[in-house]
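Letter by letter, the chains look like this.
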Amino acid sequence: MNIVVLEELKAYIEPLTPDEHDALERSLLAEGCRDALVLWGDILVDGHNRYGICTKHGLPFQTVQNPRFQSMEDVHLWMIDQHLGRRSLSDFQRGVLALRKREIVAERRSRAKAEADKTTAPVPEAPTGDAPWEGEAPAAALAAVLEPKPLQSREDIARAARLSASQVGMIEKIQKQAAPEVVAAVRAGDISLNAAAVVATLPEEEQRAAAAAGKDELKQAAKRVRESRRKPREESAENAGNAASEASPASDEVSTLRQRIAQLEAENAELRQQVQMLSAQLV
């Protein structure tokens, strides 16, 4: 059997660690390959590690075709869904897969909508209220092609990847701004999502230098960035406190003056009353 292994599909497969590969190899040598490899025609879709080990040792294996695949996009989406359901993936890996699924589905829907706009005949006005439409209604045509449901919001992606919306935001930032060395570090679990997103805000040269120095330096770089952000906030809060303190004596003085004015007005009223009484007595 001529089985074709495509690099573009291997990109969806997280490589096994040496220990994991050795464990799988021992299992296949002892028990054989019990699970069938999934193919689309001659293309290998699922079972790349098992296929490599079986080929290396000449072990027999079974294959099965997935009849639902109609295009390479179907293959990509199926592989993504398979991997999203596996607990062995890290948060970063699941987030990257979910974001990739969003891109594929969005591209597919965009193409489908464009094709529907080209091929769907315009719907004429019905001559009477009960007369049937001639031609295909655009809504029905679009409903037939705009599947699967898109991952439109960050919350949709978070649910698909079993993450929080803030984690998805960090992964997007890492993908857009992080140097390849920083991406490799977060993939390897050397630094957290949060730390990698912080380091990704640095110039690329600084990111590369920190990654070259090791995971401890990456963590220190993230710490320095956080502290540099925290200092202006603390200074701003301190300045606001000082302004309030400086304003406090003035506020107290105004309050005292107001009390004095009220007191003088009361005394003035009392004096006017006394003047009126004396004037009445003189009369």
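Everything below is about the structure printed above this text.
Residues numbered from 1 in each chain as written. Predicted model: local features only at pLDDT ≥ 70, side-chain atom pairs only at ≥ 80, totals over all residues. Heavy atoms only, no water.

Asks: Residues and numbers for the overall build of the chain, please.
Replies: Across its full length, the chain holds twelve helices and three strands. Across the 283 residues of the chain, 30% fall into the buried class. Taking as baseline every contact in the chain between residues at least 6 positions apart, the subset at least 24 positions apart corresponds to 67%. Here the chain displays about 18,500 Å² of accessible surface, and carbon together with sulfur accounts for 52% of that area. (Helix = DSSP H or I, 4+ residues; strand = E, 2+ residues; numbered from the N terminus. Buried < 20%, exposed > 50% of the residue type's maximum accessible area, 1.4 Å probe, protein only. Contact = heavy atoms within 4.5 Å. Areas by Shrake-Rupley, 256 points an atom, 1.4 Å probe, with all protein chains shown as cover.)

Asks: Describe in detail the layout of surface pockets, supporting the description with residues and values.
Replies: Empty space among the atoms can be located by rolling a probe the size of a water molecule over them. Taken as a whole, the largest pocket holds about 470 Å³ of empty space. As for the largest pocket, its lining consists of 20 residues, and the residues nearest its centre are E14, L16, N49, R86 and S88. Broken down by secondary-structure element, the contributors of at least two residues to the lining of the largest pocket are α2 (18–31), β2 (43–46), α3 (48–57) and α4 (72–84). The greatest single-element share of the lining of the largest pocket, amounting to three residues, is contributed by α3. When its residues are assigned to classes, the lining of the largest pocket shows seven nonpolar, seven polar and six charged. (1 Å grid on protein atoms, 1.4 Å probe; cavity = no way out; pocket = protein on both sides within 12 Å on 5 of 7 lines; lining within 4 Å. Points joined across faces, edges and corners; volume = space filled by probe spheres on them. Nonpolar A, V, L, I, M, F, W, Y, C, P; charged D, E, K, R; others polar.)

Asks: So what's going on with the side chain of E25? Residues and values would help.
Replies: Among the secondary structure elements, E25 is positioned in helix α2. Discounting residues that sit within four places of it in the chain, E25 has contacts with I53, K56 and H57.

Asks: Account for the packing of helix α5 (residues 91–119) against helix α9 (residues 180–187), naming residues and giving values.
Replies: Orientation of α5 relative to α9, taken along the N-to-C sense of each, is 120°, at an axis distance of 8 Å. Counted together, F92, Q93 and V96 of α5 and V183, V186 and R187 of α9 form the full contact between these two elements. Counted by class, the contact of α5 with α9 contains four nonpolar, one polar and one charged residues. (Axes fitted to C-alpha atoms, helices over the stretch in contact; angles between N-to-C directions.)

Asks: Account for the packing of aromatic side chains, naming residues and giving values.
Replies: Geometry of an aromatic ring pair is reported as the spacing of the ring centres plus the angle between the planes. Enumeration over the complete set of coordinates arrives at two aromatic pairs. Aromatic pair Y51 and F61: ring centres 5.8 Å apart, planes at 80°, arrangement edge-to-face. Of this pair, Y51 sits in helix α3 while F61 sits in the loop between α3 and β3 (63–65); the two residues are ten residues apart in sequence, bridging distant segments of the chain. For Y51, a relative accessible area of 18% gives the class buried. Considering the side-chain rings of F69 and W78, the 5.7 Å spacing of their centres and the 75° angle between planes classify their relative orientation as edge-to-face. Its relative accessible area of 16% is what places W78 among the buried residues. (Phe/Tyr/Trp six-rings, centres within 6.5 Å; stacked < 30°, edge-to-face > 60°.)

Asks: So what's going on with α4? Residues and values would help.
Replies: Spanning 13 residues, α4 covers 18 Å between terminal C-alpha atoms, matching the ideal 18 Å at 1.5 Å per step. With ten of 13 residues buried, α4 lies mostly within the body of the structure. Turning to α4, its buried residues are E73, D74, V75, H76, L77, W78, M79, I80, H83 and L84. Against the buried residues of α4 lie α1 (7–10), β1 (37–40), β2, α3, α5 and α7 (154–161). (Expected span 1.5 Å × (residues − 1).)

Asks: Describe unusual backbone geometry, naming the residues involved and giving the relevant values.
Replies: We note that R162 has phi near 60°; this positive angle belongs to a residue other than glycine. If you trace the backbone, R162 turns up in the loop between α7 and α8 (165–177).

Asks: Would you mind going over the state of the cysteines in detail, with residue names and values included?
Replies: As enumerated under the stated definition, the model contains zero disulfides in all. With no disulfide of its own, C33 has C54 as its nearest cysteine by sulfur position, at a separation of 4.1 Å. (Disulfide = S-S within 2.5 Å.)

Asks: So what about the nonpolar core? Which residues, and what values?
Replies: Counting 33 residues, the largest nonpolar core has F92, I171, I174, V182, I191, V199 and L218 as the members making the most contacts within it. Only α5, α7, α8, α9, α10 (193–199), α11 (204–212) and α12 (215–282) provide two or more residues apiece to this core. When sequence neighbours within four positions are dropped, the list of residues in contact with I174 reads F92, V183, L193, A196 and A197. Judged by nonpolar contacts, the second largest core, of 17 residues, contains F69, V75, I80 and L89. (Core = buried A, V, L, I, M, F, W, Y, C linked by side-chain atoms within 4.5 Å.)

Asks: Outline the sheet that holds β2, supporting the account with residue identities and numerical values.
Replies: If you walk across this open sheet you meet the three strands as β2-β1-β3, and the pairing is mixed. A strand with exactly one partner marks an edge of an open sheet, and here the two such strands are β2 and β3. Each strand of the sheet is rotated relative to its neighbour by a mean of 45°, with strand direction disregarded. As paired elements, β1 and β3 share three bridges and run parallel to each other. Bridged to L39 within β3 is Q65. (Pairing = 2+ DSSP bridges.)

Asks: Describe the pairing of β2, naming the residues involved and giving the relevant values.
Replies: Here β1 pairs with β2 via three bridges, running antiparallel. From the neighbouring strand, V38 faces β2, where its bridge partner is D46. Hairpin connection of β1 to β2: two residues between the antiparallel strands, including G41 at a positive phi of 70°.

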